[in-house]
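Letter by letter, the chains look like this.
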Amino acid sequence: MTLSLYIARRFVRSLLMVGATFWGILFLIEMVEQIRRYDAARVGLREAAILSALTVPGSLYTILPLIVMLAAVVLFLGLARSSELVVVRAAGRSALRMLLAPVAVALIFGALAVMVGNPIVSATAKAYETLAGRYTAGGAQTVSIGREGVWMRQGTEEVAGGQAVIRAARANLDATVLYDVTFLIFAPGEGPVRRIDAATAQLDPGAWVLGEAKDWPLGASTNPERDATTSAVLRLPSDLTADRIRDSFGTPSAVPVWDLPGFIAALEKAGFSARRHMVWFQMELAQPLVLAAMVLIAAGFTMRHVRFGGTGSMVLLALGAGLGVFFLRNVAQVLGDNGQIPVALAAWAPPAIALMLSLALLLHLEDG
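K.L.:
Can you walk me through the overall build of the protein in this structure?
P.N.:
Check the secondary structure of the protein and you find 13 helices and seven strands. For the protein, the proportion of contacts with a sequence separation of at least 24, taken over those separated by at least 6, is 62%. Per element, the accessible surface of the protein, about 18600 Å² overall, is 64% carbon and sulfur.

K.L.:
What am I meant to see in the pattern of salt bridges here?
P.N.:
Where charged atoms of side chains with opposite charge meet at close range, the side chains can pair. For the coordinates displayed, the defined rule picks out five salt bridges. A salt bridge links aspartate 197 to arginine 195; the nearest nitrogen and oxygen atoms lie 2.9 Å apart. The salt bridge partner of arginine 226 is aspartate 227, with a shortest N-O separation of 3.1 Å. On the basis of relative accessibility, which here comes to 55%, the residue arginine 226 falls in the exposed class. Taking relative accessible area as the criterion, aspartate 227 reaches 31% and is therefore assigned partly exposed.

K.L.:
Even after reading the chapter, I still don't get the layout of surface pockets, so can you show me in this structure?
P.N.:
The gaps of empty space that remain are located by a probe, the size of a water molecule, rolled over the atoms. The volume enclosed by the second largest pocket comes to roughly 460 Å³. Taken together, 19 residues line the second largest pocket, and the ones lying closest to its centre are Gly19, Leu60, Leu64, Phe109 and Ala113. Within the residue set of the lining of the second largest pocket, elements represented by two or more residues are helix H1 (2-37), helix H2 (45-62), helix H3 (64-81) and helix H6 (100-134). The element that contributes the greatest number of residues to the lining of the second largest pocket is H6, accounting for eight residues. Counted by class, the lining of the second largest pocket contains 17 nonpolar, two polar and no charged residues.

K.L.:
What exactly am I supposed to notice about the pairing of strand S2 (residues 149-155) here?
P.N.:
The side chains of a regular strand alternate between the sheet's two faces. The buried fraction of S2 amounts to five of the seven residues, a majority that puts the element mostly inside the structure. In this sheet, strand S3 (residues 163-171) lies alongside S2 in antiparallel orientation, the contact comprising six bridges. Looking at S3, one finds that valine 150 is bridged to alanine 168.

K.L.:
Would you mind showing me how to read the packing of aromatic side chains here?
P.N.:
For any two aromatic rings, the description comes down to two numbers: the centre-to-centre distance and the angle of the planes. Counted under the stated rule, the structure contains two aromatic pairs. Note on phenylalanine 183 and tryptophan 208: the rings are 6.1 Å apart at their centroids and 65 degrees apart in plane angle, and the pair reads as edge-to-face. On the criterion of sequence distance, the pair formed by phenylalanine 183 in strand S4 (residues 177-187) and tryptophan 208 in strand S6 (residues 207-216) is long-range, its members being 25 residues apart. Tryptophan 208 matches phenylalanine 183 in its accessibility class, with the two residues each being buried.

K.L.:
Whenever I open this one, the packing of H2 against H3 confuses me. Can you help?
P.N.:
Helices that pack against each other are described as a pair by the angle of their axes relative to one another and the distance between those axes. At a minimum axis distance of 4 Å, the contact between H2 and H3 shows a crossing angle of 65 degrees. Compared by their axis directions, H2 and H3 come out roughly perpendicular. Counting all contacts with H2, which are made through Leu60, Tyr61 and Thr62, the residues of H3 involved are Leu64, Pro65 and Ile67. Its residues placed into classes, the contact of H2 with H3 shows five nonpolar, one polar and no charged.

K.L.:
Can you walk me through the nonpolar core in this structure?
P.N.:
Most often, soluble globular proteins have nonpolar side chains that are buried together. Phe11, Phe76, Val295 and Met303 are the most contacted members of the largest nonpolar core, which has 69 residues in total. By residue number, the principal contributor to this core is H3, which donates 12 residues. If near-sequence neighbours (up to four positions away) are discounted, valine 295 is found in contact with Phe11, Val68, Ala72, Phe76, Pro102, Val103 and Ala106.

K.L.:
Explain a nonpolar patch on the surface here, please?
P.N.:
A contiguous nonpolar surface patch, about 610 Å² in accessible area, is contributed by Ile108, Leu112, Met115, Val116, Ile120 and Trp258. By secondary structure assignment, the location of isoleucine 120 is in helix H6. Using a relative accessible area of 45% as the deciding quantity, one classes isoleucine 120 as partly exposed.

Definitions and cut-offs
- Residues numbered from 1 in each chain as written.
- Predicted model: local features only at pLDDT ≥ 70, side-chain atom pairs only at ≥ 80, totals over all residues.
- Heavy atoms only, no water.
- Helix = DSSP H or I, 4+ residues; strand = E, 2+ residues; numbered from the N terminus.
- Contact = heavy atoms within 4.5 Å.
- Areas by Shrake-Rupley, 256 points an atom, 1.4 Å probe, with all protein chains shown as cover.
- Salt bridge = Lys/Arg side-chain N within 4 Å of Asp/Glu carboxyl O.
- Buried < 20%, exposed > 50% of the residue type's maximum accessible area, 1.4 Å probe, protein only.
- 1 Å grid on protein atoms, 1.4 Å probe; cavity = no way out; pocket = protein on both sides within 12 Å on 5 of 7 lines; lining within 4 Å.
- Points joined across faces, edges and corners; volume = space filled by probe spheres on them.
- Nonpolar A, V, L, I, M, F, W, Y, C, P; charged D, E, K, R; others polar.
- Pairing = 2+ DSSP bridges.
- Phe/Tyr/Trp six-rings, centres within 6.5 Å; stacked < 30°, edge-to-face > 60°.
- Axes fitted to C-alpha atoms, helices over the stretch in contact; angles between N-to-C directions.
- Parallel < 35°, antiparallel > 145°, perpendicular 65-115°, else oblique.
- Core = buried A, V, L, I, M, F, W, Y, C linked by side-chain atoms within 4.5 Å.
- Patch = residues over 30% accessible without salt bridge, like charges linked within 9 Å, V, L, I, M, F, W, Y side chains within 5 Å.

What follows is the structure in structure tokens.
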């Protein structure tokens, strides 16, 4: 038990060291990117630092398996150079038994990353979008799915600097056709100036085409109901496109993992495809296994005495294998998103393959 705690403590120290190193590198890169992206008159060093600090957690979370891989390489190389691996083997402890401690740490770290880190990343991403929107000209375009239907927001050319809020009871798969839809147009500092209710709204290039529409002039009339007009077909200018609407849903990573089941249910109730979010949710559940596989892969290549030589080559092979698993996982996610493979297979097959191959390598090297 004492030896296991010692190895676990060494691994945690390696994780913190590698994570802090990557945090610093990513922070500096993001600082340069934020300064380049925004006008220097509006975004100074302080604002750029805040924006960078909000984006770094998402970047770190994306490369978390590679961070764990490097931390495991640092751990096993340190144990090998200090001859502690030789002492452990001489004491009669097998390699697989010695790996229980770092694998357990990886599983716990992965579970904490999903349960705590994922909501933090989602919160910082939303905070970044809100803060960055203050420095970006033009109206933001967003889409939200809730129990009360589909909500959208877009800029409008009708009122300078105005916004149009769109609410629909339901929509088709890509939200280009809305049903039982309401448009509320707001002017800056004045509130709503126009309301339009329609049975349907179809997105054409450059405009929404409304069917069976009723238009209330809220801002220019003392009696909007009296001055309301009805139209069989009404065109409302819009710069939204199907691609922008799809992108406005945001990546599934923007939704905290605790809220994903409810979000998926709301998407399906509104008539949208929730496959991307289902794949992401299952991949998040499989994250601890991915981190454990990374530890075993690093052990298979670097848990050897330095007197054998070829340490650099083994480290490169370990990194190559880790990148291969990372790439395989991303490919499986794309295939799962496109519906070419089942959701469970896309999420759980890569870590299962990595675990089996790394265990086979360890058994071959240690037990012949």
